[in-house]
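# Descriptive structure summary
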Amino acid sequence: MEIPYTSKPRPDTGIYNSKVGIWLFLASEVMLFGALFSSYILLRVGAGEGTWPHGLLSIPIGTFNTFVLITSSVTVVMGWAALQVGNFGRYKVYQAITILCALGFLGIKSFEYRDKFKHYEVWLKNPITVHQGGKAVLTDRLLGHIEYQGHHPYFWTTPRLAGSPEIKDKDGKVVKAAVAAVESFKFQPDPIHYTMTPKEMAHAKAEAKGHAHEVIEIKSSDVKRLSAFIPSHSTFFAIYFTLTALHGLHVLGGALVIFYIWGPGAKMWKTDPQRYMNRVEVSGLFWHFVDLVWIFLFPIIYLL
Amino acid sequence: MSDHSHSHSDAHGHSPEEVAKHKRVYIVVFLALLVGTVVTVALNYLHFDSKALTITIALFVATIKATLVACYFMHLISEKKTIYVLLGATVFFLLALMGLILSSYGGYPNGTVTH
């Protein structure tokens, strides 16, 4: 059965059906992201004084990724415009750039994620003195990197320090090997903490430049809590990963569709050019929406 | 000018001249988006003392950027009525949704630790 009005506009609406379809879908997407954005605002304004982490994401990387996504959005419309005048070759080039930008965006994002998974906050039972921006500071909350047995471990949380016993199934087969308790570990503290004001943070970062990182030894018995920058670290990282991962999935999905239309689906340009252009336009509308979401995500998560 | 050379464009009602004009608009919007991003980031490095001012400026620029994308890249500046009606309903429900969520501000479940 043929789907009606995929190439010609429907007389009563004046537009082809797929366009109404994508806008209905985008309307549902607006509700999805709208709910999450509202949750973000609520969590943020409801957080206690000095508990909302800020300054932990790299602004230069986030800015660069914003440029990447904006570029991919303009290549989509330029590719579509090239098709309007029958220039298939130029369309192919523009959409190839779009797909490369999408991959670039996801690559950079996964690099950022990886960095967070091995970055830590340690809450100590008793304050110690560390050097922050050329000054000795007494504190019980440290940010930084863990070194344990020559590795920078990923995803550690407090229970990891106590280790875990061997787990066997009914037949006595070892399902999970025992993990030894951590007596102590090396810690390389950052010169900053999110309880500082943005100004203090900028100052501490500038002061720390050129100084060798100090490495301290922390006993597990002195640790009150420990967590990598993962969702269980804080409400901030929970909503950060929820929003950016959902957005990342949209980038991936959009890139796959654009790639299909650009590659294997391009045969349609010969058989039904109008319908093909409509497909490019509809996938483009989705892509611009993904860009639009990032336009709001970037400032609220990286800057504010 | 043969009819054949126009076969693709005529179907959609875009002449090559029109498309050329569109492309210029796309490039201008692209540059505006880049400038908007640079402005937002640059202002952020100034560290205003007023948190409200920082948030207002960042969201104001983001709204302008989003409007440019929606109007020109997504062609909402010249869309059919069906789409406008659909989006009008979306805006209504989005505001209702946000209102419902945000109206719970200040209400905590029993036993919530807020510090």
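One can find the structure itself at the top, above this paragraph.
Heads up: these notes are all about the structure in this document. Everything numeric in this text was worked out from a predicted model, so none of it was measured.

## What about the interface of chain B and chain A?
Taken together, the contact pairs 54 residues of chain B with 60 residues of chain A. Summing the contributions of chain B and of chain A, the shared interface buries around 5000 Å²; its carbon and sulfur component is 78%. Our count for the chain B to chain A interface comes out at 2 salt bridges. The partner of D49 of chain B in a salt bridge is K199 of chain A, with the nearest N and O atoms 3.1 Å apart. Run the count over chain B and chain A and you get 2 residue pairs in polar contact (both at pLDDT 80 or more).

## Brief notes about the environment of P127 of chain A
All names here are of chain A. Take P127: it is sitting in strand β1 (residues 120–132). Spatially, the C-alpha atom of P127 lies 32 Å from that of A178, the residues being 51 residues apart in sequence. Residues contacting P127, with those up to four places away along its chain left out, are L138, T139 and D140.

## Quick notes on the nonpolar core
In terms of nonpolar packing, the biggest core is built from 109 residues, with W23, F185, F187, L226, Y276 and I301 of chain A together with M74 of chain B touching the most fellow members. Element by element, the count of residues in this core is highest for helix α8 (residues 273–303) of chain A, at 19 residues. Aside from chain neighbours lying at most four places away, what touches L226 of chain A is Y120, E121, V122, W123, I146, W156, T157, T158, L161 and F185 of chain A.

Quick notes on the rules
Residues numbered from 1 in each chain as written. Chains lettered and ligands numbered in written order. Predicted model: local features only at pLDDT ≥ 70, side-chain atom pairs only at ≥ 80, totals over all residues. Heavy atoms only, no water. Contact = heavy atoms within 4.5 Å. Buried area = accessible area lost by both parts, 1.4 Å probe. Salt bridge = Lys/Arg side-chain N within 4 Å of Asp/Glu carboxyl O. Polar contact = N/O pair within 3.5 Å; in protein donor to acceptor, adjacent residues only side chain to side chain. Helix = DSSP H or I, 4+ residues; strand = E, 2+ residues; numbered from the N terminus. Core = buried A, V, L, I, M, F, W, Y, C linked by side-chain atoms within 4.5 Å. Buried < 20%, exposed > 50% of the residue type's maximum accessible area, 1.4 Å probe, protein only.

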